[in-house]
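The chain contents come next:
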Amino acid sequence: EHEDFSSVISKLNTGVELALKDELDIPVTIKNINTRKILDICIASGIGQKEYLQELIKHVVDIDNKVKHQGYNPTKIDAINAIAAFEGFIKSVKKYPLQLTKETRRKYFQVYEVLN
C-alpha cells in the first residue's frame with residue numbers, strides 16, 4: 001500500500017528466521033542467527049522441501065542482504081515474489097515438517113558458535 005518494499009522484504013526475512021527457529025526447535029532467544037546458513041544446512045542435509053528453501057533464499061534472504069549491504073531498492077515484483085516464497089514455505093512445512101537429526105543439529109550449532 002505504501003510501496004515500502006524494503007520493509008516488506010525485511011519483515012519477511014524476520015518471519016523466515018522465526019519460522020525456522022520454531023520448526024527446528026532453536027530457542028528464539030538466540031540472536032544473530034544466520035538464516036542463510038541454516039537454510040544451506042537444511043538443503044545440504046536433505047531437510048525440508050529443497051525447492052521451497054531455495055526460493056526463500058532467492059526471493060527473501062538474498063534480497064534482504066542486498067538491501068542491507070548494497071543499498072538495493074526492491075521492486076514491487078520483488079516483494080510479491082518474496083511473499084509468495086514465504087507463503088509456499090509455510091504451506092510446505094505444514095505437510096513436511098523440518099526435523100533436524102542430531103548430526104545436523106550439531107552442524108548448525110557449530111556454525112552458530114563460529115559466528116558468535
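Small disclaimer: the values here were computed from a predicted structure and weren't measured.

Caption draft 1: The arrangement of the overall build of the protein chain in detail. If you tally the helices and strands in the protein chain, you get five helices and zero strands. Mapped from its N terminus to its C terminus, the protein chain presents α and β elements in the order α-α-α-α-α. A compact globule built from 116 residues should have a C-alpha radius of gyration of about 13 Å, and the protein chain, at 14 Å, falls within 12% of that. Expressed as lengths along the three principal axes of its C-alpha atoms, the size of the protein chain is roughly 45 × 35 × 25 Å.

Caption draft 2: The layout of surface pockets, seen in detail. Taken as a whole, the largest pocket encloses approximately 180 Å³ of empty space. In terms of lining, the largest pocket is formed by Asn13, Glu17, Asn32, Ile33, Asn34, Thr35, Arg36, Val61, Asp64, Asn65, Lys68 and His69. Put simply, the parts of the chain that give the lining of the largest pocket at least two residues each are α1 (5–24), α2 (35–45) and α3 (50–70). No other element matches α3, which puts five residues into the lining of the largest pocket.

Caption draft 3: Region of the structure containing the nonpolar core. Among the nonpolar cores identified, the biggest contains 28 residues, and Leu20, Ile38, Leu39, Leu56 and Phe89 are the most heavily contacted of them. Secondary structure elements with two or more residues in this core: α1, α2, α3 and α4 (76–95). Tallying contributions element by element places α3 first for this core, with seven residues. The residues touching Ile38, leaving out its near neighbours within four places in the chain, are Leu20, Leu24, Ile26, Ile33 and Tyr108.

Caption draft 4: The arrangement of α1 in detail. With 20 residues, α1 should reach 28 Å at 1.5 Å per residue; the first-to-last C-alpha distance of 28 Å fits that figure. Every buried residue belonging to α1 is among Phe5, Ile9, Leu12, Asn13, Gly15, Val16, Ala19, Leu20, Lys21 and Leu24, and all of these are buried.

Calculation criteria
Residues numbered from 1 in each chain as written. Predicted model: local features only at pLDDT ≥ 70, side-chain atom pairs only at ≥ 80, totals over all residues. Heavy atoms only, no water. Helix = DSSP H or I, 4+ residues; strand = E, 2+ residues; numbered from the N terminus. Rg over C-alpha atoms; globule rule 2.2 N^0.38 Å. 1 Å grid on protein atoms, 1.4 Å probe; cavity = no way out; pocket = protein on both sides within 12 Å on 5 of 7 lines; lining within 4 Å. Points joined across faces, edges and corners; volume = space filled by probe spheres on them. Core = buried A, V, L, I, M, F, W, Y, C linked by side-chain atoms within 4.5 Å. Buried < 20%, exposed > 50% of the residue type's maximum accessible area, 1.4 Å probe, protein only. Contact = heavy atoms within 4.5 Å. Expected span 1.5 Å × (residues − 1).

Spatial relationships are all this shows, so hold off on functional conclusions.
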